[in-house]
Amino acid sequence: MSEPRIGLRGVKVEKGRRTVLDVESLDVRAGEVLAVVGPNGAGKSTLISVLGLLEKPKRGEVFFAGEPVSGDFLAYRRRMAVVFQEPLLLDASVESNVGTGLALRGASRDERRARVQAWLARFGIEALAGRSARTLSGGEAQRVSLARALVLEPEVLLLDEPFAGLDAPTRQSLIDDLARVLGETGAATVFVTHDRDEALRLGDRLAVLMDGRVRQEGTPQEIFAGPADEEVAAFVGIETIAPGRVETVSDGLAVVRAGERLIEAGGDVRAGDAVLVCLRPEDITLGPPAEATRTSARNHLPATVMRITPAGPWVRVELDAGFPVVSLITKQSLEDLALAPGTAVVATFKAAAVHLIRK
Amino acid sequence: MPRLAASIAALALCLASAAACAGDDELLLGATTSVQDPGLLDELVAAFEDDYGYDVKPIVQGSGQIIELARRGELDVIITHSPGDEQALLNDGVATGTTPVMQNFFLIAGPESDPADVAGADGLADAFARIAASGAGFVGRGDGSGTHRRELATWEAAGVDPAGEDWYRESAAGQGQSVLVANDSDVYTLVDSATFISLADRLQIVELFRDEIAPNVYSVLRLDSEQLTEINENAAAAWIEFITSPRGQTVIEEYGRDEYGVSLFEPLLLD
Amino acid sequence: MDLIWDGLKEAVSLIFSGDAYVYEVALTSLYVSGLATLIAVVIGFGLASLLVFRAPPGRVLALSAFNAGMALPPVAVGLIVAIMLWRTGPLGELGLLYTPTAIVIAQAVIATPVVTALSVVALQSVNPRLRLQVLALGASRWQAGALLFREARLALLAAVMAGFGAAVSEVGATIMVGGNIRGETRTLTSATVLEVQQGDFETGIAFSLILLAIIFAVVGGLTVLQQRRSAS
């Protein structure tokens with residue numbers, strides 16, 4: 001097991017009287033993408049600043065390759081790269097911009113040209129090489145910013161909400177490109193966002209940051225199926241996540257195998273895609289096994305009740321259908337169905353309620 | 001072009017070694033605009049530098065400023081034409097001696113039509129009185145220069161206070177410029193003869209009254225090196241020796257002869 | 001108007017006849033003002049860097065001082081510098097009064113606030129997050145400074161031009177600390193004053209036109225540099 005490439009221990013950052021970041025421990029391994037989600041103001045940008053050695057915490061340390069960072073930060077910073085929400089390009093050509101980091105490290109002209117060309121190609125923007133940065137669209141500029149970071153082949157890559165300022169189609173396209181590229185680099189990546197779907201798409205592991213503290217850390221399934229507390233639950237919203245694979249697609253309707261079950265869902269996917277099947281608890285209704293086929297919903301999963309928790313006026317029921325499923329029902333339904341841990345039920349939901357995330 | 005190249009080379013050398021230009025070979029000579037404007041000062045300085053080898057820095061300002069700088073020991077030797085100021089310096093012990101070296105005369109220049117009938121006056125004061133009485137325009141120096149001092153003394157003698165009168169203007173400019181201002185407005189002014197003669201061909205105002213009685217005397221002042229320890233007394237002594245010598249005096253006498261047909265300054269020590 | 005036309009003709013003839021005096025004063029002007037501008041730029045860029053990137057406490061006060069300094073009356077600067085350099089003054093030992101060096105000092109004092117104040121604005125107009133991004137890409141503090149200076153190059157060049165303009169066009173301080181001595185401290189501006197004083201207006205205009213031509217050449221060259229849109 002490799003040691004973490006980058007980590008934090010006992011870090012506390014204060015702005016005035018407010019504690020904006022308070023992280024006991026956080027680690028990211030080489031080749032791993034940690035997606036940090038949280039609402040605005042959660043301290044996500046501060047996290048990036050501290051990891052990137054751009055800001056010194058009031059307390060605590062940053063660890064790089066197992067050793068606490070000390071002495072000249074510049075050497076460490078040269079093994080990292082950061083992409084911010086704004087592209088923050090220089091007033092120069094695209095080629096020059098992408099080569100900035102290399103030039104700072106003293107790379108030769110030829111080396112710069114070669115590597116820049118290669119990475120422009122990987123982001124599909126070779127044609128923009130000679131263009132002035134001022135003439136680029138938002139999406140193009142952000143691609144340049146990404147290329148500029150990745151051309152350095154950094155050991156640590158930090159991304160601070162890089163897609164937040166872009167429109168939906170551009171964002172989608174960029175996320176796809178980035179997902180592809182991240183899979184190929186060996187960098188320890190920290191990707192910060194307030195968008196849950198982005199986090200799920202790109203992250204190998206998730207951390208939920210709220211009010212400066214890491215509330216929960218783990219795989220997407222761990223967090224979404226079992227949010228640590230109500231605030232986290234309210235933020236993540238989705239509680240059923242199951243990994244699956246698309247078997248067939250026809251007329252926009254896909255059939256996904258999750259565990260041993262087949263689920264119908266809509267989505268822009270192709271046969272063979274690995275996906276995450278996501279469902280909101282309120283979209284899942286429960287019924288006795290016998291009444292399975294009486295609704296228009298196509299998805300019926302036999303499941304066993306595992307745990308029942310009151311949640312205000314509702315009741316939260318955790319089920320096992322071969323994978324964890326969470327449903328939210330009324331107290332009345334609870335009585336009607338006479339549910340108790342161990343009861344067999346059928347969990348029903350519409351194909352339209354299924355949210356597929358391509359992995 | 002060779003002269004140009006040589007000048008540039010000399011300039012470059014001097015600029016590059018600015019500090020080195022200073023030192024014991026330097027003479028800070030204070031003089032008034034009425035010596036410089038006609039061009040005599042440059043001639044004297046050139047001759048002096050040739051003969052004695054010093055590097056002269058002529059500091060040309062109005063008399064008031066020259067006197068003040070001399071009091072502070074910021075100048076090594078000065079030439080002025082203001083007897084009152086010179087006497088004050090002697091009285092205060094700032095100057096140890098004064099030697100008159102040359103002179104010319106004051107004259108009143110004015111419009112050819114002479115509305116105040118200055119040409120018929122029987123003295124400088126009378127001429128001033130006539131100007132005041134007629135209300136014709138007058139341009140004064142107003143800058144504490146030697147000429148200005150003479151002008152003020154004359155107003156006093158004429159019993160007139162021109163300050164604030166609408167026919168009186170002060171130019172506070174150098175001698176040459178002041179005359180041109182008067183010329184432009186076609187009014188009267190008091191001017192030393194050297195300046196007037198050297199500008200005559202571009203003037204429409206003419207000489208109307210010449211003061212034969214009280215000439216415009218230029219003296220060189222020896223400053224007290226005991227009190228003013230910073231001054232270069234050797235250089236000052238050399239200058240005084242030069243300007244009082246036949247050589248210097250001849251330069252004075254010959255200046256202007258070729259161009260204007262007459263000496264602009266009359267040497268006082270040439271026999 | 002004839003005067004100006006005569007002056008123009010005289011200017012042309014002075015330049016092409018290789019008149020030594022004219023070349024002498026023109027070179028002196030270029031030398032002292034060029035050197036003064038260089039000093040002002042070094043100090044000005046340095047101070048602007050400090051004020052914008054390090055943002056020390058009291059910087060608003062310092063900035064107010066420099067902004068006010070843009071309107072410093074040159075003749076007042078000249079008087080103060082002269083008093084400092086008098087033989088009987090605190091720096092009299094240096095023997096700098098009535099030398100080109102004294103003029104360089106005075107003009108540098110006049111030009112520095114101009115360059116500083118305008119450079120601060122130039123650097124402040126660059127996105128402050130850009131500095132963070134550049135540091136995050138592995139720039140040392142010096143490298144970051146250099147990159148940001150390059151980003152602000154348009155406005156910074158304007159600051160340099162303003163500084164040069166302030167230095168080369170001033171005359172009050174030049175005469176006071178330089179003494180307007182022929183062959184040593186006579187510049188185009190002080191030579192113009194002398195000509196006017198002596199009543200030779202055409203030559204005064206000629207000198208002024210030559211000075212204008214020099215300013216246009218220098219500033220024009222810098223403007224071409226500033227406006228060049230080379231993809232680099």
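Quick notes on the rules
- Residues numbered from 1 in each chain as written.
- Chains lettered and ligands numbered in written order.
- Predicted model: local features only at pLDDT ≥ 70, side-chain atom pairs only at ≥ 80, totals over all residues.
- Pairing = 2+ DSSP bridges.
- Helix = DSSP H or I, 4+ residues; strand = E, 2+ residues; numbered from the N terminus.
- Axes fitted to C-alpha atoms, helices over the stretch in contact; angles between N-to-C directions.
- Contact = placed C-beta atoms within 7 Å.
- Domains from an automatic or database assignment.
- Expected span 1.5 Å × (residues − 1).
- Buried ≥ 20, exposed ≤ 12 C-beta atoms within 10 Å, placed from the backbone.
- Core = buried A, V, L, I, M, F, W, Y, C linked by C-beta atoms within 7 Å.
- Nonpolar A, V, L, I, M, F, W, Y, C, P; charged D, E, K, R; others polar.
- Parallel < 35°, antiparallel > 145°, perpendicular 65-115°, else oblique.
- Left-handed = near helix turned anticlockwise from the far one by under 90°.

**Observations concerning the sheet that holds strand 5 (residues 106–110) of chain B**
Residue and element names in this part refer to chain B.
So, point 1. Pairing is mixed across the open sheet formed by five strands, whose spatial order is 7-6-8-5-9. A single partner strand is all that each edge strand has here, and the edge strands are strand 7 (168–170) and strand 9 (206–210). Shown here is a sheet whose adjacent strand axes are inclined to one another by a mean of 35°, direction ignored.
So, point 2. Where strand 6 (residues 138–140) meets strand 7, three bridges bridge the pair, whose relative direction is parallel. Bridge pairing links V139 to R169 in strand 7.
So, point 3. Strands in contact with helix 7 (residues 146–158) are strand 5, strand 6 and strand 8 (188–192); relative to strand 8, the strand with the most contacts, it is inclined by about 130°.

**What to know about the domain arrangement of chain B**
All names here are of chain B.
So, point 1. Entries for chain B in the domain assignment read domain 1 (2–104 + 216–267) and domain 2 (106–210).
So, point 2. Inter-centroid distance (C-alpha atoms) of domain 1 to domain 2 is 28 Å.
So, point 3. The partner domain 2 presents 16 residues to the 19 residues of domain 1 that form the contact.
So, point 4. Looking at the side of domain 1 that touches domain 2, the elements that each hand over two or more residues are helix 2 (33–36) and helix 4 (63–71).

**A short note on helix 11 (residues 201–227) of chain C**
Residues three or four positions apart in an α-helix share a direction because the helix packs 3.6 residues into each turn.
Residue and element names in this part refer to chain C.
So, point 1. When the terminal C-alpha atoms of helix 11 are compared, their 38 Å separation across 27 residues agrees well with the 39 Å that a helix rising 1.5 Å per residue should span.
So, point 2. Along helix 11, the residues classified as buried are T203, G204, I205, A206, F207, L209, I210 and L211.
So, point 3. The inward-facing, buried residues of helix 11 contact helix 1 (2–16), helix 2 (20–54) and helix 10 (188–197).

**Thoughts on the sheet that holds strand 2 (residues 18–28) of chain A**
Residues and elements named next belong to chain A.
So, point 1. Read from one edge to the other, the open sheet built from four strands follows the order 2-1-4-5, with strand pairing classed as antiparallel. Every other strand in the sheet has two partners, leaving strand 2 and strand 5 (67–68) as the edge strands with one partner each.
So, point 2. Bridge count for strand 4 (residues 59–64) against strand 5 is two bridges, and the pairing is antiparallel. Across the sheet, F64 pairs through a bridge with E67, a residue of strand 5.
So, point 3. Strand contacts of helix 1 (residues 44–51): strand 1 (6–15), strand 2 and strand 4, with the helix running at about 125° to strand 1, the strand carrying the most contacts.

**Thoughts on the nonpolar core**
So, point 1. In this structure, A:V277 and A:A347 are the most contacted members of the largest nonpolar core, which totals 178 residues.
So, point 2. Top contributing element to this core by residue count: helix 5 (residues 100–124) of chain C, with 16 residues.
So, point 3. Counting only domains with at least three residues in this core, you end up with domain 1 (6–236) and domain 2 (240–358) of chain A.
So, point 4. In this structure, A:A347 is in contact with A:I284, A:L286, A:L301, A:A303, A:L319, A:A321, A:V325 and A:S327, ignoring residues within four places of it in sequence.
So, point 5. Core analysis: the second largest hydrophobic core is formed by 73 residues, B:I78, B:A116, B:I231 and B:Y255 among them.

**Side note on helix 1 of chain A**
All names here are of chain A.
So, point 1. For helix 1, a buried count of seven out of eight residues is recorded, marking the element as mostly surrounded by other parts of the structure.
So, point 2. Buried within helix 1 are the following residues: K44, T46, L47, I48, S49, V50 and L51.
So, point 3. Among the residues trailing helix 1, L53 stands out with phi positive, at a value near 60°.

**A few points about unusual backbone geometry**
Residues and elements named next belong to chain A.
So, point 1. Positive phi, close to 50°, is recorded for L88, a residue that is not glycine.
So, point 2. Here L88 shows up in the loop between strand 6 (80–83) and helix 3 (94–98).
So, point 3. Even without being glycine, E161 reaches a positive phi, approximately 45°.
So, point 4. Of note, E161 is situated in the loop between strand 7 (156–160) and helix 7 (168–184).

**Some remarks on the interface of chain A and chain C**
So, point 1. Every contact between the two is made by 21 residues of chain A and, on the other side, 16 residues of chain C.
So, point 2. Looking at the side of chain A that touches chain C, the elements that each hand over two or more residues are helix 2 (73–77), strand 6 and helix 4 (100–104) of chain A.
So, point 3. Examining the composition of the side of chain A that touches chain C, we find that three residues originate from one element, helix 4 of chain A, more than from any other.
So, point 4. Counted by class, the side of chain A that touches chain C contains nine nonpolar, seven polar and five charged residues.

**Some points on the packing of helix 3 (residues 40–52) of chain B against helix 11 (residues 246–254) of chain B**
Residue and element names in this part refer to chain B.
So, point 1. Here helix 3 crosses helix 11 at 150°, and the two axes come no closer than 10 Å. Classed by the angle they form, the pair helix 3 and helix 11 counts as roughly antiparallel. Of the two possible hands of crossing, helix 3 and helix 11 adopt the one that is right-handed. Between helix 3 and helix 11, the residues in contact are L40, E43, L44, A47 and D51 and R247, G248, V251 and I252, respectively.
So, point 2. Of the residues assigned to the contact of helix 3 with helix 11, the class counts are five nonpolar, one polar and three charged.

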